[in-house]
Structure formats: structure tokens, C-alpha cells
Amino acid sequence: MSVVTAFAAAAVLALTVAVLLVGRAAVAAHSARSAADLAALAGAHALRATEDPCSAAAGVATANRAVVAGCTIDGHDVVIRAEVRVELGVLGVRAASAVARAGPL
């Protein structure tokens, strides 16, 4: 009976670790979306004020623990791709990324 209990405990532990890793990935994806949104808004504001939009976006992304992986100007819009690094244990370090666009209405 103790062998069955050991296997059951190992299965519960493995499931718990899997759930925690999925949770970490979900939090990183949410952080990347938030950072991309805020950075795009900051970039659009800087573009309207005739400042460098990519620098403004990078500053806001850094404040949100993200990195701007791409910054393009599309007319009056600023398109930002932000990345957040996430440690996933044995799966290594991965990046969650998101894209956001902001501009005048």
C-alpha cells in the first residue's frame, strides 16, 4: 500500500508543479499585455509632443519590468511589442510577448 501512496503523492506533486508553471506563464502574459498597452500610450503621447516615441515607450516598459522588442510608427500610431521574461523551472527562461497600438482618436 505504501508504494501506491508514494505514486499518488508524486502525481499530486507533479500536477501542482504543472499548475504553478502555467500560472507563472499566465501572469507573464498579462504583464506583457499591460506593459505593451502602457508603453504604446506613452509612445503615442510622445509622438504627439514631437518627442522620440520609442524612447518614451522603452522607459515605460522598463518601469513595468518589460523590454520593448519592437517599436514602429504607422502614420500617427505607435505599435509596440513588449516582452517579459519568465522562469519556468526545468523548461528554462521563456519570454511572454504582446503587441499594442495607440494613437489619436
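Overview of the structure. Small disclaimer: the values here were computed from a predicted structure and weren't measured.

Quick word on the nonpolar core
Core analysis: the largest hydrophobic core is formed by 20 residues, its most contacted members being Ala66 and Ile80. At the level of elements, α1 (2-48), α2 (53-63), β2 (77-87) and β3 (93-102) are the ones that each hand at least two residues to this core. Broken down by element, the residue count for this core peaks at seven residues, all from α1. Setting aside anything within four residues of it in sequence, one finds Ile80 in contact with Ala36, Ala39, Ala40, Ala57, Val68, Gly70, Cys71, Ala98, Val99 and Ala100.

Considering the state of the cysteines
A covalent bond between the sulfur atoms of two cysteines is referred to as a disulfide. Across all of its chains, the model carries one disulfide by this definition. Covalent S-S linkage joins Cys54 and Cys71, the inter-sulfur distance amounting to 2.0 Å. One disulfide, between Cys54 and Cys71, carries an S-S torsion of -85 degrees and so falls in the left-handed class. One end of the pair, Cys54, is in helix α2; the other, Cys71, is in strand β1 (residues 67-74), and 17 residues separate them in sequence. Its relative accessible area of 26% is what places Cys54 among the partly exposed residues.

A short note on the environment of Arg33
Within the secondary structure, Arg33 is located in helix α1. Accessibility expressed as a relative area gives 45% for Arg33, which makes it partly exposed. Separated by 23 residues in the primary sequence, Arg33 and Ala56 have C-alpha atoms spaced 17 Å apart.

Quick word on the pattern of salt bridges
Overall, the coordinates contain three salt bridges when judged by the stated rule. Across the pair Asp74 and Arg101 runs a salt bridge whose closest N-O atoms are separated by 3.0 Å. Linking Asp74 in strand β1 with Arg101 in strand β3, this pair joins segments that are 27 residues apart in sequence. A salt bridge links Asp77 to Arg101; the shortest N-O distance between them is 3.1 Å. Placement of the pair is Asp77 in strand β2 and Arg101 in strand β3, with a sequence separation of 24 residues. What you see here is one network of salt bridges that share partners, running through Asp74, Asp77 and Arg101.

What counts and what doesn't
Residues numbered from 1 in each chain as written. Predicted model: local features only at pLDDT ≥ 70, side-chain atom pairs only at ≥ 80, totals over all residues. Heavy atoms only, no water. Core = buried A, V, L, I, M, F, W, Y, C linked by side-chain atoms within 4.5 Å. Buried < 20%, exposed > 50% of the residue type's maximum accessible area, 1.4 Å probe, protein only. Helix = DSSP H or I, 4+ residues; strand = E, 2+ residues; numbered from the N terminus. Contact = heavy atoms within 4.5 Å. Disulfide = S-S within 2.5 Å. Salt bridge = Lys/Arg side-chain N within 4 Å of Asp/Glu carboxyl O.

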